[in-house]
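# A look at the structure
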Amino acid sequence: MDTKATLVAAALKLIEQEGEAHFSTRAVCDIAKVKAPTLYHHFGSADGLLNAAIAEAFEQFLVSKRSAIQSPDPVEALIQGWDNYVGFAAARPRLYAAMMARFLSGADLPAAREGQAMLRHRIAQIEAAGRLAIAPEAAAQVIWASVNSAAMLFLSGALQPDIAMGTPDAATVESLRDCAIETICKSKLPE
């Protein structure tokens with residue numbers, strides 16, 4: 001692994017262990033076993049490294065999503081993608097929180113745009129099959145809101161234990177997903 005990739009991997013490790021709030025160039029350099037000038041040479045600043053790490057996290061997320069979606073049925077594929085999204089947030093809550101913070105702050109993240117395009121494409125496939133019950137834009141909003149609601153349950157349980165939300169029940173998460181799918185689709189859920 002080259003130095004630049006080592007620094008990105010170290011940044012991701014730190015974000016996953018400590019969260020973005022505890023991100024520091026000193027800690028990243030310690031993990032990567034390099035000196036600060038090396039980090040600045042490759043990324044210019046701590047924020048440059050953080051941007052590169054978040055971009056890499058989105059790429060990892062997309063690779064996971066692409067491999068998770070196996071069904072040729074567009075509704076089933078949407079369900080598989082939804083489950084993968086929530087699973088990523090549940091497995092990597094600190095990283096997911098940092099990713100969403102960057103995304104919502106308007107950072108230019110090509111992989112995030114690609115993820116949104118995948119959602120819109122899947123909805124277009126459902127519409128083309130004559131199974132979409134609402135307008136495509138509204139369907140995208142319902143899916144986006146439901147998947148992020150489910151992801152937030154995992155984040156609050158993992159990152160804010162004092163709130164006492166606990167780990168979400170699988171049936172609750174499945175219900176959020178199924179309600180969203182039933183809202184956007186004309187036919188029943190796939191078996």
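The text that follows walks through the structure, step by step, so that each part is easy to find. Keep in mind that what you see is a predicted model, and the values were worked out from it rather than measured.

Here we take up the overall build of the protein chain. A tally of helices and strands in the protein chain yields nine helices and zero strands. Dimensions along the principal axes, computed over C-alpha positions, put the protein chain at roughly 60 × 35 × 25 Å. Going through the 191 residues of the protein chain one by one, you find that 41% of them count as buried. Sequence-distant contacts, at least 24 apart, represent 67% of the contacts inside the protein chain between residues at least 6 apart. Of the accessible surface of the protein chain, which amounts to about 9900 Å², a share of 55% is contributed by carbon and sulfur atoms. Between the centroid of the 17 positive side chains of the protein chain and the centroid of its 21 negative side chains there is a distance of 5 Å.

Time to look at the packing of helix 2 (residues 25-32) against helix 3 (residues 36-43). Viewed as axis vectors pointing N to C, helix 2 and helix 3 meet at an angle of 105°, and their least axial separation amounts to 9 Å. Taken together, the axes of helix 2 and helix 3 are roughly perpendicular relative to one another. In this structure, helix 2 uses Thr25, Val28 and Cys29 to contact helix 3, whose residues at the interface are Ala36, Leu39 and Tyr40. Split by residue class, the contact of helix 2 with helix 3 holds five nonpolar, one polar and no charged.

Moving on, we come to the pattern of salt bridges. Counting across every chain of the model gives nine salt bridges. Of the charged contacts in the structure, one is a salt bridge between Glu137 and Arg120, with a shortest N-O distance of 3.0 Å. Here the residue Glu137 occupies a position in helix 8 (residues 136-159), and Arg120 occupies one in helix 7 (residues 110-128), the gap between them amounting to 17 residues. By relative accessible area, which is 39% here, Arg120 ends up partly exposed.

One pair of aromatic rings is described through two measures. These are the centre distance and the angle between the planes. Evaluation of the coordinates by the stated rule reveals five aromatic pairs. Considering the side-chain rings of Phe61 and Phe88, the 5.1 Å spacing of their centres and the 75° angle between planes classify their relative orientation as edge-to-face. A residue pair is termed long-range when its members are at least 10 positions apart, and Phe61 in helix 4 (residues 46-68) and Phe88 in helix 5 (residues 74-91) qualify at 27 residues. Accessibility assignment for this pair places Phe61 and Phe88 in one class, buried. Pairwise contacts between aromatic rings join Phe61, Tyr85, Phe88, Tyr96, Phe103 and Trp144 into one cluster.

This brings us to empty space enclosed by the protein. Evaluation of the coordinates by the stated rule reveals one cavity of 30 Å³ or more. Computed from the structure, the largest cavity encloses a volume of approximately 330 Å³. Elements with a contribution of two residues or more to the lining of the largest cavity: helix 4, helix 5, helix 6 (93-104), helix 7 and helix 8. With seven residues, the top contributor of residues to the lining of the largest cavity is helix 7.

What counts and what doesn't
Residues numbered from 1 in each chain as written. Predicted model: local features only at pLDDT ≥ 70, side-chain atom pairs only at ≥ 80, totals over all residues. Heavy atoms only, no water. Helix = DSSP H or I, 4+ residues; strand = E, 2+ residues; numbered from the N terminus. Buried < 20%, exposed > 50% of the residue type's maximum accessible area, 1.4 Å probe, protein only. Contact = heavy atoms within 4.5 Å. Areas by Shrake-Rupley, 256 points an atom, 1.4 Å probe, with all protein chains shown as cover. Lys, Arg positive; Asp, Glu negative; His and termini not counted. Charge placed at Lys NZ, Arg CZ, Asp CG, Glu CD. Axes fitted to C-alpha atoms, helices over the stretch in contact; angles between N-to-C directions. Parallel < 35°, antiparallel > 145°, perpendicular 65-115°, else oblique. Nonpolar A, V, L, I, M, F, W, Y, C, P; charged D, E, K, R; others polar. Salt bridge = Lys/Arg side-chain N within 4 Å of Asp/Glu carboxyl O. Phe/Tyr/Trp six-rings, centres within 6.5 Å; stacked < 30°, edge-to-face > 60°. 1 Å grid on protein atoms, 1.4 Å probe; cavity = no way out; pocket = protein on both sides within 12 Å on 5 of 7 lines; lining within 4 Å. Points joined across faces, edges and corners; volume = space filled by probe spheres on them.

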